[in-house]
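Notes for the structure review
Each chain, written out:
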Amino acid sequence: MAKPTTPSGTPGTPSVLRAMNDRAALDLLLARGPLSRTEIGTLTGLSKPTASQLLARLETAGLVRVTGTSEGGPGPNAQLYAIEPTAAYAAGLDVTPGSVRASVADLTGRTVGTYEVRTAGAGTGVEAGVEAGAGEHGRGGTAVRQVTEALGGALRAAGLGLDDVRHTVLGTPGAFDPRTGELRYANHLPGWHSPTLLGELAAALPMPVAHENDVNLVAIAEQRLGVARGHEDFVLLWNEEGLGAALVLGGRLHRGWTGGAGEVGFLPVPGTPLVRDVTRANGGGFQDLAGSQALPVLARELGVPDLPEMPYVQATPLLLARAADTTTGPLRQLLETYATRVAIGLASLVSVLDPELVVLSGASLTAGGEPLRALIQAELAELAASRPHLLLGDVREHPVLRGALESALAVTRDEVFDTSRGALSPRP
């Protein structure tokens, strides 16, 4: 009789099967929280003795701990097991033209420290110290210094050091070209375009540092924590300081040959002049039609009263929130016109990709709430043969940073939970 095999064809040796059972139990504890030995056995299909051995092994390895006992059952109270949160840590960073914000999360995904460094062009003051206390004020110079200062501040807030972090993911506008190492599609991010930058970051930090487009990270956050859970094919449209998209096909991010997939701000669309050399102009097309900066201009043209006197990044969500509460007049016309503009660009995307779902994210879309979503859905049905369902994004608080943490945690958990190599293996 042939030996059982894993999906990859590896013979099902006792050590491999133990590692598979260990991972199944650890994933259950991550998803459901504290569980008893009996519950883990029932959910994994393991016998009580095997479940007991598994938990003892994971507890010895420092991956789980007893957190209490169950109450209310007919028999003796059972011990409850949970993931040991301090077994490993991961970090994420969100880079914008005005700041570099870093967070550190424990193995369960709980954020234990956050720090923000204001950069050129930003206002004064910082926001720091989530859960672990306040950090120090900081103003960065070079990109490497900004990253190390932000990450160091988050670690101090958490009471940790650089060597405690296993993996870090850095989110930026645009994308680093895999052929050259240079940041593309992000001329508005000064100081980040050196071809040696990634090497300098690798030399400055002891842990592996991955990089990802900021909108792609929002899609990861929505896929793991938000409305895109369980969806294999979806488009996420993002609109805040800039307008962009993330494409998830077959459950995986599609980045394109140079990392530029989803740079829809450059997409030529009806209603705007044709812009040539768009990367140099850093604009044109869909961005000019439906980006955040377009709404205050449209509001003035329509005679919307009491326009907020503030930068468009703050003014656009306020205008959309006001418009979502009205059914007549210039504000309603503003909402309907804006919905048509958004749908024009989306029509090109869905006609090519035919996704199951479109997620609307970023304050310059979500502030319009259900009224704006419904208008875009209706307009899209008129403009495209494909009929994806539109949903508002669920992850609203620092979604780029949350996606960076989720991405870094996924790699960290794969590494730490691989008990076939010995649990809590040393850092490479």
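Predicted, not measured: the structure shown is a model, and the values here were computed from it. (Residues numbered from 1 in each chain as written. Predicted model: local features only at pLDDT ≥ 70, side-chain atom pairs only at ≥ 80, totals over all residues. Heavy atoms only, no water.)

**Some remarks on the overall build of the protein chain**
Threshold: Numbering of helices and strands runs from the N terminus; a helix is a DSSP stretch of H or I covering at least four residues, while a strand is a stretch of E covering at least two. A 1.4 Å probe rolled over the protein chains alone gives each residue an accessible area, and that area as a share of the maximum for its type sets the label: buried under 20%, exposed over 50%, partly exposed in between. The contact definition used throughout considers only heavy atoms, calling two residues in contact when any of these lie within 4.5 Å. Values of accessible area rely on a 1.4 Å probe in the Shrake-Rupley scheme; residue burial ignores everything except the protein chains shown.
Looking only at helices and strands, the protein chain has 14 helices and 15 strands in total. For the protein chain, the proportion of its 428 residues judged to be buried stands at 49%. Restricting to contacts in the protein chain with at least 6 residues of sequence separation, those with at least 24 account for 58%. Element-wise, carbon and sulfur atoms account for 53% of the exposed surface of the protein chain, whose accessible area totals about 19,400 Å².

**Thoughts on the layout of surface pockets**
For clarity, the threshold we go by: Only protein atoms enter the 1 Å grid used here. Points where a 1.4 Å probe fits but cannot escape make up a cavity, open sets with protein on both sides within 12 Å along at least five of seven lines make up a pocket, and a residue lines them when an atom lies within 4 Å of a point. Grid points are joined across faces, edges and corners, and a volume is the space filled by probe spheres set on the points. Only Asp, Glu, Lys and Arg are considered charged, only Ala, Val, Leu, Ile, Met, Phe, Trp, Tyr, Cys and Pro nonpolar, and every remaining residue, Gly among them, polar.
Computed from the structure, the largest pocket encloses a volume of approximately 1,200 Å³. Taken together, 42 residues line the largest pocket, and the ones lying closest to its centre are Thr-96, Pro-97, Glu-240, Glu-241 and Gly-242. Counting residues per element, the ones that place at least two in the lining of the largest pocket are strand E4 (89-95), strand E5 (99-106), strand E6 (111-118), helix H6 (214-225), strand E12 (243-249), helix H10 (312-324) and helix H14 (399-416). Considering only residue class, the lining of the largest pocket consists of 16 nonpolar, 16 polar and 10 charged.

**Quick word on helix H11 (residues 329-353)**
Here is the rule: Expected span of a helix, by definition, is 1.5 Å for each gap between consecutive residues, and there is one gap fewer than residues. The bend reported for a residue corresponds to the angle between axes fitted to the seven residues ending at that residue and the seven starting there.
Look at H11: 36 Å from first C-alpha to last across 25 residues, which is about the 36 Å you get at 1.5 Å a residue. Taking the largest bend as the criterion, H11 deviates by roughly 30 degrees, centred on Leu-346. Count one or two residues on from H11 and you reach Asp-354, which has phi positive near 50 degrees.

**Observations regarding the nonpolar core**
Here is the rule we go by: Take the buried residues of types Ala, Val, Leu, Ile, Met, Phe, Trp, Tyr and Cys, join any two whose side-chain atoms come within 4.5 Å, and each joined set is a nonpolar core.
Grouped together as the largest cluster of nonpolar side chains are 38 residues, with contacts concentrated most on Leu-237, Leu-334, Tyr-338, Val-342, Leu-346, Leu-360 and Ile-376. Broken down by element, the residue count for this core peaks at 11 residues, all from H11. Apart from the residues lying within four places of it in its own chain, the contact partners of Ile-376 are Ala-339, Val-342, Ala-343, Leu-346, Leu-360, Leu-365 and Leu-390.

**Digging into H14**
An ideal rise of 1.5 Å per residue puts 26 Å on 18 residues; H14 measures up with 25 Å between its terminal C-alpha atoms. H14 sits mainly inside the fold: 15 of its 18 residues count as buried.

**Things to note about the side chain of Thr-168**
Examined against the element boundaries, Thr-168 turns out to sit in strand E7 (residues 165-172). In this view, Thr-168 contacts Ala-91, Leu-93, Leu-151, Met-207, Pro-208, Val-209, Ala-210 and Ala-408; residues no more than four positions away in its chain are not counted.

**Comments concerning the packing of aromatic side chains**
Defined as follows: Here the aromatic set is Phe, Tyr and Trp, taking the six-membered ring for Trp, and pairing holds for ring centres within 6.5 Å; pairs whose planes are under 30 degrees apart are stacked, those over 60 apart are edge-to-face, and all others are tilted. Note on geometry: a ring has a charge over it if NZ (lysine) or CZ (arginine) is within 6 Å of the ring centre and within 35 degrees of the ring normal.
Under the definition given, this model contains 0 aromatic pairs. Sitting over the ring of Tyr-115, Arg-156 keeps its end group 6.0 Å from the ring centre.

**Topic: the environment of Ala-324**
Relative to the elements of secondary structure, Ala-324 occurs in helix H10. On the basis of relative accessibility, which here comes to 18%, the residue Ala-324 falls in the buried class. Separated by 48 residues in the primary sequence, Ala-324 and Leu-372 place their C-alpha atoms 6.8 Å from one another. Residues contacting Ala-324, with those up to four places away along its chain left out, are Leu-335, Gly-368 and Pro-371.

**A look at the sheet that holds strand E14 (residues 357-361)**
Basically, it comes down to this: Any two strands between which DSSP finds at least two bridges are classified as paired.
Pairing is mixed in the open sheet, where 5 strands are placed in the order E13-E12-E11-E14-E15. Looking at strand neighbours, the two that pair on one side only are strand E13 (252-253) and strand E15 (389-392), the edges of this open sheet. Where E14 lies against E15, 4 bridges are found, and the strand directions are parallel. The partner of Val-359 across the bridge, within E15, is Leu-391.

**Quick word on the pattern of salt bridges**
What counts, and what does not: Salt bridge, as used here: a side-chain nitrogen of Lys or Arg that lies within 4 Å of a carboxyl oxygen of Asp or Glu.
A complete count under the given rule lists 14 salt bridges for this structure. For Arg-179, the salt bridge identified is with Asp-177, shortest N-O distance 3.1 Å. Arg-332 serves as the salt-bridge partner of Glu-336, at 3.1 Å between the closest nitrogen and oxygen. Taken together, the residues Glu-336 and Arg-332, both in helix H11 and 4 residues apart, mark about one turn of the helix. For Glu-336, a relative accessible area of 35% corresponds to the partly exposed category. In this structure, a network of salt bridges that share partners links the residues Arg-23, Asp-27 and Asp-414.

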